[in-house]
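So you can see what is in the structure, the chains are spelled out below.
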Amino acid sequence: MELLIVSGLSGAGKSVAMNALEDIGYFCIDNIPAGILPRFVEYSEAGENMLQKVAIAMDIRGARSSQEIMEALAQLDERKVGYRILFIDASDDVLQRRYKETRRRHPISISMGISTAEAIERERKILRPLQERANYQLDTSMLSTAQNRERIVSMFMQGGSVGDAMALTVMSFGFKYGLPKDADLVFDVRCLPNPFYVPELKEKTGMDKEVADYVMSFEESREFLHRLESLLEYALPLYVKEGKSQLMIGVGCTGGKHRSITFARLIGEFCQKLGYHPSIQHRDALR
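These remarks concern the structure in this document. (Residues numbered from 1 in each chain as written. Predicted model: local features only at pLDDT ≥ 70, side-chain atom pairs only at ≥ 80, totals over all residues. Heavy atoms only, no water.)

## A short note on the side chain of H106
Here comes step 1: Relative to the helices and strands, H106 is located in the loop between α4 (92-102) and α5 (107-112).
Here comes step 2: For H106, the side chain forms a polar contact with the side chain of E123, separated by 2.7 Å.
Here comes step 3: Every residue in contact with H106, bar those within four places of it in the chain, is listed here: S10, I60, Y99, A119, I120 and E123. (Helix = DSSP H or I, 4+ residues; strand = E, 2+ residues; numbered from the N terminus. Polar contact = N/O pair within 3.5 Å; in protein donor to acceptor, adjacent residues only side chain to side chain. Contact = heavy atoms within 4.5 Å.)

Encoded structure:
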């Protein structure tokens, strides 16, 4: 049985992740008490009950202390049950804003009568054992619901090629809005000519042919891309060999609308030619 434990902060996007996993073939169970987890696994692996792919959401609704979580994981380890952990996170200010926008209360706020900020701090401490042992960590602070779903699908969709051994994401962004928190490689293309200063291109993005053609009309842009491609052609197989399960490549320019989108698209196309299946995202295109 392939077991995936999904955890993370309340409001970070676990429900979106579970729905996405269900859509790609996982048998999903939400809000399972930590103490029941080992017994459920034993039941699921027995005879006709055998399940192929299972995703179980385990968080503070079913585990009120770090000790409960550590004991559940220890029992799985003792029984030599193979499992992976996906931990979904977001910054405190984003979590507080989401609760304010939805007018919902944090589960710990309801049970203990404390503020949302205090509840988030307490929740982080409780879930620390899961975060420390996570095989995958996803920060959704700057992701839309659709982008969150796309990341989950790209990480866990099974395929038949070598490129599926590592979930690859190429994300364009604007440095003025901050770095993507879970980026592994960051390429800065602010050194290249900027279409922002061309009046007819200013309001367009790298998704428009005119902008992409302008960016790539310069020799330095073409040479820069060539060198990035050479680096990736060499480095990506090394990451796969090392056992890295996911890799995010961030491509940034000032505002995240012109040069970064152009390069993210071209890098994504190059990675596809290498046999990978990158998820190409443009974080700040609509700002």
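## With respect to empty space enclosed by the protein
Here comes step 1: Going through the model one piece at a time under the given rule, you end up with 1 cavity of 30 Å³ or more.
Here comes step 2: Taken as a whole, the largest cavity spans an internal volume of roughly 80 Å³.
Here comes step 3: D139, S141, M142, L143, M171, P180, K181, D182, M248 and R283 are the residues that line the largest cavity. (1 Å grid on protein atoms, 1.4 Å probe; cavity = no way out; pocket = protein on both sides within 12 Å on 5 of 7 lines; lining within 4 Å. Points joined across faces, edges and corners; volume = space filled by probe spheres on them.)

## A closer look at the packing of aromatic side chains
Here comes step 1: Counting across every chain of the model gives 5 aromatic pairs.
Here comes step 2: With 6.0 Å between their ring centres and 75° between their planes, F224 and F263 make a pair best called edge-to-face. Residue F224 is found in helix α9 (residues 219-242), and its partner F263 is found in helix α10 (residues 259-273); the two are separated by 39 residues along the sequence.
Here comes step 3: Of note, R190 hangs over the ring of F175, and the distance from its end group to the ring centre comes to 3.7 Å.
Here comes step 4: When the ring centre of Y177 is taken as reference, the NZ or CZ atom of R287 above it lies at 4.2 Å. (Phe/Tyr/Trp six-rings, centres within 6.5 Å; stacked < 30°, edge-to-face > 60°. Lys NZ or Arg CZ within 6 Å of the ring centre and 35° of its normal.)

## A few points about the pattern of salt bridges
Here comes step 1: Enumeration according to the criterion identifies 17 salt bridges in this entry.
Here comes step 2: The partner of E101 in a salt bridge is R97, and the shortest N-O contact between them spans 3.5 Å. Separated by 4 residues within a single helix, E101 and R97 lie in helix α4, roughly one turn from each other.
Here comes step 3: With its nearest N and O atoms 2.7 Å apart, the salt bridge here joins R287 to D284.
Here comes step 4: Classification of R287 by relative accessible area gives partly exposed; the value is 44%. (Salt bridge = Lys/Arg side-chain N within 4 Å of Asp/Glu carboxyl O. Buried < 20%, exposed > 50% of the residue type's maximum accessible area, 1.4 Å probe, protein only.)

## Structural notes on the sheet that holds strand β5 (residues 136-139)
By definition, the strands of a sheet pair up through backbone hydrogen bonds, in either a parallel or an antiparallel sense.
Here comes step 1: On the basis of which strands lie adjacent, the open sheet formed by 5 strands has the order β2-β3-β1-β4-β5 and parallel pairing. Looking along the sheet, the strands with just one partner apiece sit at the ends: β2 (27-29) and β5. The average angle at which neighbouring strand axes cross in this sheet is 20°, direction not considered.
Here comes step 2: Pairing of strand β1 (residues 2-8) with strand β3 (residues 53-57), which is carried by 5 bridges, proceeds in the parallel orientation. Across the sheet, E2 pairs through a bridge with K53, a residue of β3.
Here comes step 3: The strands that helix α1 (residues 14-23) touches are β1, β2, β3 and β4 (83-89); relative to β1, the one it contacts most, it runs at about 160°. (Pairing = 2+ DSSP bridges. Axes fitted to C-alpha atoms, helices over the stretch in contact; angles between N-to-C directions.)

## Observations regarding unusual backbone geometry
Here comes step 1: With a phi close to 60°, N31 is a non-glycine residue in the positive phi region.
Here comes step 2: Looking at the secondary structure, you find N31 in the loop between β2 and α2 (37-44).
Here comes step 3: Overall, the relative accessible area of 34% leaves N31 in the partly exposed class.
Here comes step 4: Here K80, not a glycine, exhibits a phi torsion of approximately 60°, which is positive.
Here comes step 5: Here K80 shows up in the loop between α3 (66-78) and β4.

## Quick look at the packing of α3 against helix α6 (residues 116-132)
Here comes step 1: Here α3 crosses α6 at 20°, and the two axes come no closer than 8 Å. Taken together, the axes of α3 and α6 lie roughly parallel to each other. Crossing hand, α3 versus α6: right-handed. Here α3 contributes S66, I69, M70 and L73 to the contact with α6, which in turn contributes K125, I126, L127, P129 and L130.
Here comes step 2: Looking at the contact of α3 with α6, its residues break down into 7 nonpolar, 1 polar and 1 charged. (Parallel < 35°, antiparallel > 145°, perpendicular 65-115°, else oblique. Left-handed = near helix turned anticlockwise from the far one by under 90°. Nonpolar A, V, L, I, M, F, W, Y, C, P; charged D, E, K, R; others polar.)

## A look at the sheet that holds strand β7 (residues 185-188)
Here comes step 1: If you trace the 4 strands from one edge of the open sheet to the other, you get β7-β8-β6-β9, paired in parallel fashion. Lying at the two open borders of the sheet, with one neighbouring strand each, are β7 and β9 (279-282). With strand direction ignored, the average angle separating the axes of adjacent strands in the sheet is 15°.
Here comes step 2: Note that strand β6 (residues 167-174) and β9 share 4 bridges and pair parallel. Bridging from a neighbouring strand, V170 pairs with I280 of β9.
Here comes step 3: Most of the contacts of helix α7 (residues 145-156) go to β9, to which it runs at about 160°, and overall it touches β6, β8 (246-253) and β9.
Here comes step 4: Along the sheet, α10 contacts β6, β7, β8 and β9; its crossing angle with β6, the most-contacted strand, is approximately 165°.

Spatial relationships are all this shows, so hold off on functional conclusions.
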